[in-house]
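Structure assessment
Listed below, chain by chain, are the residues.
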Amino acid sequence: MPYLVLFAVLFVLFLQASGAIPPGSVGGPLVIALALFVGALAVAIHEAWRRQRGPLGWIVNILLAFTGAFLAAPLGGMAATLLLSPFVRGSTSIAAAGCLVMAAALAATMIVTLTGAWGAIRVVNRWRRA
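What counts as what
- Residues numbered from 1 in each chain as written.
- Predicted model: local features only at pLDDT ≥ 70, side-chain atom pairs only at ≥ 80, totals over all residues.
- Heavy atoms only, no water.
- Helix = DSSP H or I, 4+ residues; strand = E, 2+ residues; numbered from the N terminus.
- Buried < 20%, exposed > 50% of the residue type's maximum accessible area, 1.4 Å probe, protein only.
- Contact = heavy atoms within 4.5 Å.
- Areas by Shrake-Rupley, 256 points an atom, 1.4 Å probe, with all protein chains shown as cover.
- Axes fitted to C-alpha atoms, helices over the stretch in contact; angles between N-to-C directions.
- Parallel < 35°, antiparallel > 145°, perpendicular 65-115°, else oblique.
- Left-handed = near helix turned anticlockwise from the far one by under 90°.
- Nonpolar A, V, L, I, M, F, W, Y, C, P; charged D, E, K, R; others polar.
- Expected span 1.5 Å × (residues − 1).
- Bend = angle between axes of the 7 residues up to and from the residue.
- Core = buried A, V, L, I, M, F, W, Y, C linked by side-chain atoms within 4.5 Å.

**A short note on the overall build of the protein chain**
- Along its length, the protein chain carries 5 helices and 0 strands.
- The secondary structure elements of the protein chain, listed N-terminal to C-terminal, are α-α-α-α-α.
- Oriented by its inertia axes, the alpha-carbon framework of the protein chain measures out at about 55 × 25 × 25 Å.
- Looking at the 130 residues of the protein chain, the share that counts as buried comes to 37%.
- Restricting the contact set of the protein chain to residue pairs at least 6 apart, pairs at least 24 apart contribute 69%.
- In the structure as shown, the protein chain presents an accessible area of about 7900 Å², 75% of it carried by carbon and sulfur atoms.

As structure tokens, then:
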């Protein structure tokens, strides 16, 4: 799991550094949402493959990971905004502030989102054993 989170954070930071995330349009949040979606899918696939799940287990893992990610992503975004808003000097948003503030917000949001996806799968894994 730590390697997966590290790779996902590096991926979203690469997207930001390459300019694939436009700061002032609808496309920017959509690219970020797609990156979070792909990260949650990677968590689900990794856990299903590692535990050698059957076809139904793969489907359940994917649904759980998306549910956990979609519940955790807004919380991660809000937490990153609240924690990093003092560093947005004179800008209207974190995206407009640019470089390091935006990178920290993206990394924090990805970490919280993947933790939510992994946590949802882990809760249901405890129920599967019981």
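**Digging into the packing of helix 1 (residues 2-17) against helix 2 (residues 27-50)**
- With their axes 11 Å apart at the nearest point, helix 1 and helix 2 run at an angle of 160° to one another. In terms of orientation, helix 1 and helix 2 fall into the roughly antiparallel class. For the element pair helix 1 and helix 2, the recorded crossing hand is right-handed. Judged by residue contacts, Leu 4, Phe 11, Val 12 and Leu 15 of helix 1 engage Val 31, Ala 35, Ala 42, Val 43 and His 46 from helix 2.
- Partitioning the contact of helix 1 with helix 2 into residue classes produces 8 nonpolar, 1 polar and no charged.

**What about helix 3 (residues 55-84)?**
- Taking 1.5 Å of rise per residue, 30 residues should cover 44 Å, and helix 3 covers 42 Å from first to last C-alpha, within 8% of that figure.
- Of all the bends in helix 3, the greatest reaches close to 30° and is centred on Ala 72; the proline Pro 74 follows between one and four positions later.
- Turning to helix 3, its buried residues are Gly 57, Asn 61, Leu 64, Ala 65, Phe 66, Gly 68, Ala 69, Ala 72, Ala 73, Gly 76, Ala 80 and Leu 84.

**Here we look at the nonpolar core**
- Core analysis: the biggest nonpolar cluster contains 32 residues, and Ile 94 and Met 110 have the highest contact counts within it.
- Secondary-structure elements contributing two or more residues to this core are helix 1, helix 2, helix 3 and helix 5 (99-129).
- Here the element with the most residues in this core is helix 5; it accounts for 10 residues.
- If we skip the residues at most four places from it in the chain, Ile 94 touches Ala 80, Thr 81, Leu 84, Val 88, Val 101, Met 102 and Ala 105.

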